[in-house]
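# A look at the structure
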Amino acid sequence: EAQVTQNPRYLITVTGKKLTVTCSQNMNHEYMSWYRQDPGLGLRQIYYSMNVEVTDKGDVPEGYKVSRKEKRNFPLILESPSPNQTSLYFCASSPGNRGWNSPLHFGNGTRLTVT
Amino acid sequence: AQSVTQLGSHVSVSEGALVLLRCNYSSSVPPYLFWYVQYPNQGLQLLLKYTTGATLVKGINGFEAEFKKSETSFHLTKPSAHMSDAAEYFCAVSGDNFGNEKLTFGTGTRLTIIP
């Protein structure tokens, strides 16, 4: 089944403790992206990648890192999480290498709470 | 810069009634327009998209949207609401804006269906 898989679904952590949210897609998509969803703000893009070893900042990149060593994987890293990073996170991929003119396929989300 | 406005963060309709979710955008021409749906505890799924051609776009689950360039609108409709339509709906716009190719989401409209 074609899908985007995120892990974990739920994560509670403390301020400053490094964490990684994994994302994997099995559709051979070139474009991958991370979003955060907050009430009243919709989805905001954190980072995106147009291909292996190519990543770029989205609208809200501060406090986050990503890597794209393989086409299928695009992990999101929070080196020192803070409470304002408490949010619902989504990974998405699309077949185009731009991400703005092809439909996105989303994972089921990771709900992160930082205390 | 492009932007998306979804009028009404919450909309309630009776089962069997018309569903109308409003979306207005600002973008360079031609825009690409999308509607996504998010069911509880799930990621976003594509409902429909407009790229070029016919201005009335049909999507899944009986939804459709009409691109009106003169009104810069892309409202989502469904003739008869079903209980299973209860979800959050996001409008998104993208386009080549002087080399800034970007997908922008609206803040979402939560649709409640009244039995």
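See the structure above.
Residues numbered from 1 in each chain as written. Chains lettered and ligands numbered in written order. Predicted model: local features only at pLDDT ≥ 70, side-chain atom pairs only at ≥ 80, totals over all residues. Heavy atoms only, no water.

## Here we look at unusual backbone geometry
Threshold: By definition, any uninterrupted DSSP run of H or I lasting at least four residues is a helix, any uninterrupted run of E lasting at least two residues is a strand, and each is numbered from the N terminus. Throughout this description, buried means an accessible area under 20% of the type-specific maximum (1.4 Å probe, protein chains only), exposed means over 50%, and partly exposed covers the range between.
Cis geometry marks the peptide bond from N7 of chain A to P8 of chain A, where omega comes out at -5 degrees. By the element assignment, P8 of chain A lies in the loop between strand 1 (4–7) and strand 2 (10–13). Phi at E53 of chain A takes a positive value of approximately 70 degrees, unusual for a residue other than glycine. By secondary structure assignment, the location of E53 of chain A is in the loop between strand 5 (42–51) and strand 6 (54–57). Unlike most non-glycine residues, T72 of chain B shows phi in positive territory, near 45 degrees. Mapped onto the fold, T72 of chain B is located in the loop between strand 7 (64–68) and strand 8 (73–78). The exposure class of T72 of chain B is partly exposed, given its relative accessible area of 32%.

## Some words on the interface of chain B and chain A
Note the threshold: In this description, contact between two residues means that some pair of their heavy atoms is separated by no more than 4.5 Å. Accessible surface is computed with a 1.4 Å probe, and the buried area is the amount of it that two parts give up when combined, taken over both parts together. Throughout this description, the term salt bridge denotes a Lys or Arg side-chain nitrogen within 4 Å of a carboxyl oxygen of Asp or Glu. Residues adjacent in sequence count toward polar contacts only when both atoms are side-chain atoms; beyond that, a polar contact is any pair of N or O atoms within 3.5 Å, and within protein one must be able to donate a hydrogen and the other to accept it. Side-chain classes are defined by residue name, with Ala, Val, Leu, Ile, Met, Phe, Trp, Tyr, Cys and Pro counting as nonpolar, Asp, Glu, Lys and Arg as charged, and the others, Gly among them, as polar.
Of the residues lining the interface, 21 residues belong to chain B; the matching set on chain A comes to 21 residues. Across the interface of chain B and chain A, roughly 1,600 Å² is buried in total on both sides, 57% from carbon and sulfur atoms. Taken together, the links from chain B to chain A amount to 0 salt bridges. Inspection of the chain B/chain A interface yields 3 residue pairs in polar contact (both at pLDDT 80 or more). Elements that contribute at least two residues to the side of chain B that touches chain A include exactly strand 4 (32–38), strand 5 (44–50), strand 9 (87–97) and strand 10 (100–105) of chain B. Top element by residues in the side of chain B that touches chain A is strand 9 of chain B. It accounts for 5 residues. Split into classes, the residues belonging to the side of chain B that touches chain A amount to 8 nonpolar, 8 polar and 5 charged.

## As for the sheet that holds strand 7 (residues 65–66) of chain A
All names here are of chain A. Basically, it comes down to this: A pair of strands is considered paired only if DSSP assigns at least 2 bridges between the two.
Read across the open sheet, the 4 strands follow the order 1-3-8-7; overall the sheet is antiparallel. Looking at which strands have only one partner, the edges of the open sheet turn out to be strand 1 and strand 7. Note that strand 3 (residues 19–25) and strand 8 (residues 76–78) share 3 bridges and pair antiparallel. Paired with V21 across the two strands is L76, which belongs to strand 8.

Bear in mind that shape data such as this cannot, by itself, settle questions of function.
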